[in-house]
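Observations on chain architecture
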Amino acid sequence: MLQLENVSLSVDDGKEILKHIDLTIEGGKFVVITGPNGGGKSTLAKTIAGILSPAEGTIRFHGEDITGRSITERANLGIGFAFQQPVRFKGITVRDMIRLAAGGELPESQLCTYLCDVGLCAKDYIDRELNASLSGGEIKRIEIAMSLARKSKLTIFDEPEAGIDLWSFNNLIEVFLKLRREIQGSSILIISHQERILEIADEIVVLADGKITAQGPRDQILPHLLKGESCSFCPNQEGFCHE
Ligand SMILES: Nc1ncnc2c1ncn2[C@@H]1O[C@H](COP(=O)(O)OP(=O)(O)OP(=O)(O)O)[C@@H](O)[C@H]1O
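These remarks concern the structure in this document. (Residues numbered from 1 in each chain as written. Predicted model: local features only at pLDDT ≥ 70, side-chain atom pairs only at ≥ 80, totals over all residues. Heavy atoms only, no water.)

Turning to the site of the ligand, a few remarks are in order. Surrounding the ligand, one finds 13 residues, the nearest of these being Ile-17, Gly-38, Lys-41, Ser-42 and Thr-43. In this structure, Glu-159 approaches the ligand through a side-chain N or O atom, which is 3.1 Å from an oxygen atom. Contact distances for the ligand include 3.1 Å between an oxygen atom and a side-chain N or O atom of His-193. Compared with its free state, where it exposes 640 Å², the ligand has 60% of that area covered by protein. The dominant element in the shell around the ligand, judged by the number of residues it contributes, is helix 1 (residues 41-49), at three residues. (Near = heavy atom within 4 Å. Polar contact = N/O pair within 3.5 Å; in protein donor to acceptor, adjacent residues only side chain to side chain. Areas by Shrake-Rupley, 256 points an atom, 1.4 Å probe, with all protein chains shown as cover. Helix = DSSP H or I, 4+ residues; strand = E, 2+ residues; numbered from the N terminus.)

Spelled out as structure tokens, the structure:
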């Protein structure tokens, strides 16, 4: 479904953030990318979504070369991205945003289900404006509800657990388990450090120092991540891939 071949990305000062990444994500898979802070995970997610452009390499989605495609074009092709720090829009309600994400009208009951799934009481939130009065955790959950409504072929979540309280985190795991049951031909790519999210992955990818240092089925990779304090997948053996 998604193929990255030899993808590299540098920032303005010449620092190489992604180094020759080869990665394939098959349809119907729930894939978690983990690794030490600063390893390049968010940069990789943004490169797949089209927010950042690689200096070299090719990105293919369903066989089509999308390397030069914009974020909007990729969204239209079916790549959805849930931001680590979601944007807030003045004058637009939660209802409007979820409908926009779904691409049209939605029965009220379905709108409410998306909000309930992320632990928000629909009657309290559906007509709220998406503005600064919402807390970081609330807006994050709304962003996840929008991703559920979008039903993209590939949905990318960058640290969905960030800023979410423990009760909502338990809910979030339920949401991902539900998504995992329902994905069929679609795929989910999650950037996360959380053991409970790693535990429900089909595949785990470890990214450290801009390189993929391990990749494989959860049962192969997770025991190594949990084994010791220092992660055996870190190239310098000093980083901590799992927190
Ligand atoms: N625009 C930029 N200019 C300079 N350095 C950058 C830029 N963007 C990212 N970096 C650096 O690239 C590295 C990778 O950043 P990235 O946010 O992708 O890491 P990450 O693996 O998602 O980290 P975390 O787990 O802390 O969220 C970091 O060292 C970061 O400081």
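Residues Phe-30, Ile-98, Leu-115, Phe-157, Phe-176, Ile-190 and Ile-204 are the most contacted members of the largest nonpolar core, which totals 46 residues. For this core, the element with the highest residue contribution is helix 6 (residues 136-150), accounting for seven residues. Not counting residues up to four positions away in its chain, the partners in contact with Phe-176 are Phe-30, Phe-157, Pro-160, Ile-190, Ile-197 and Ile-200. Grouped together as the second largest cluster of nonpolar side chains are 27 residues, Ile-17, Leu-18, Ile-66 and Leu-189 included. (Core = buried A, V, L, I, M, F, W, Y, C linked by side-chain atoms within 4.5 Å. Buried < 20%, exposed > 50% of the residue type's maximum accessible area, 1.4 Å probe, protein only. Contact = heavy atoms within 4.5 Å.)

What follows deals with the packing of aromatic side chains. Aromatic ring pairs are reported here in terms of the distance separating the ring centres and the angle at which the planes meet. Counted according to the given criterion, the structure contains two aromatic pairs. Ring plane angle 70° and centroid distance 5.1 Å describe the contact between Phe-157 and Phe-176, whose orientation is recorded as edge-to-face. Of the two residues, Phe-157 is situated in strand 7 (residues 154-158) and Phe-176 in helix 7 (residues 166-182); the sequence distance between them amounts to 19 residues. The burial state of Phe-157 is the same as that of Phe-176; both residues are buried. Members of the aromatic cluster, joined through ring pairs, are Phe-30, Phe-157 and Phe-176. (Phe/Tyr/Trp six-rings, centres within 6.5 Å; stacked < 30°, edge-to-face > 60°.)

It is worth spelling out the environment of Gly-185 at this point. By the secondary structure assignment, Gly-185 is in the loop between helix 7 and strand 8 (187-191). Along the chain, Gly-185 and Glu-26 lie 159 residues apart, while their C-alpha atoms are 8.8 Å from each other. Each residue touching Gly-185, except ones within four places of it in the same chain, is listed here: Met-1, Gly-27 and Gly-28.

Moving on, we come to the sheet that holds strand 9 (residues 203-208). As summarised here, the arrangement of the six strands in space is 6-7-8-3-9-10, forming an open sheet in which the pairing is mixed. Taken across any chain shown, the strands that pair with only one partner, and hence form the sheet edges, are strand 6 (79-82) and strand 10 (211-217). Going across the sheet, the axis of each strand differs from the next one's by a mean of 15°, ignoring polarity. Sheet analysis places strand 3 (residues 30-34) next to strand 8, joined by four bridges and oriented parallel. When the sheet's bridge partners are listed, Phe-30 is paired in strand 8 with Ile-188. (Pairing = 2+ DSSP bridges. Axes fitted to C-alpha atoms, helices over the stretch in contact; angles between N-to-C directions.)

Further remarks concern helix 7. The terminal C-alpha atoms of helix 7, which comprises 17 residues, lie 24 Å apart, in line with the 24 Å expected from a rise of 1.5 Å per residue. Where helix 7 is concerned, the buried positions are Ser-168, Phe-169, Asn-171, Leu-172, Ile-173, Val-175, Phe-176 and Leu-179. Summarising the contacts, the buried residues of helix 7 are in contact with strand 3, helix 4 (108-117), helix 6, strand 7, strand 8 and helix 8 (195-198). A positive backbone phi angle near 50° is found at Gln-184, which sits one or two residues after helix 7. (Expected span 1.5 Å × (residues − 1).)

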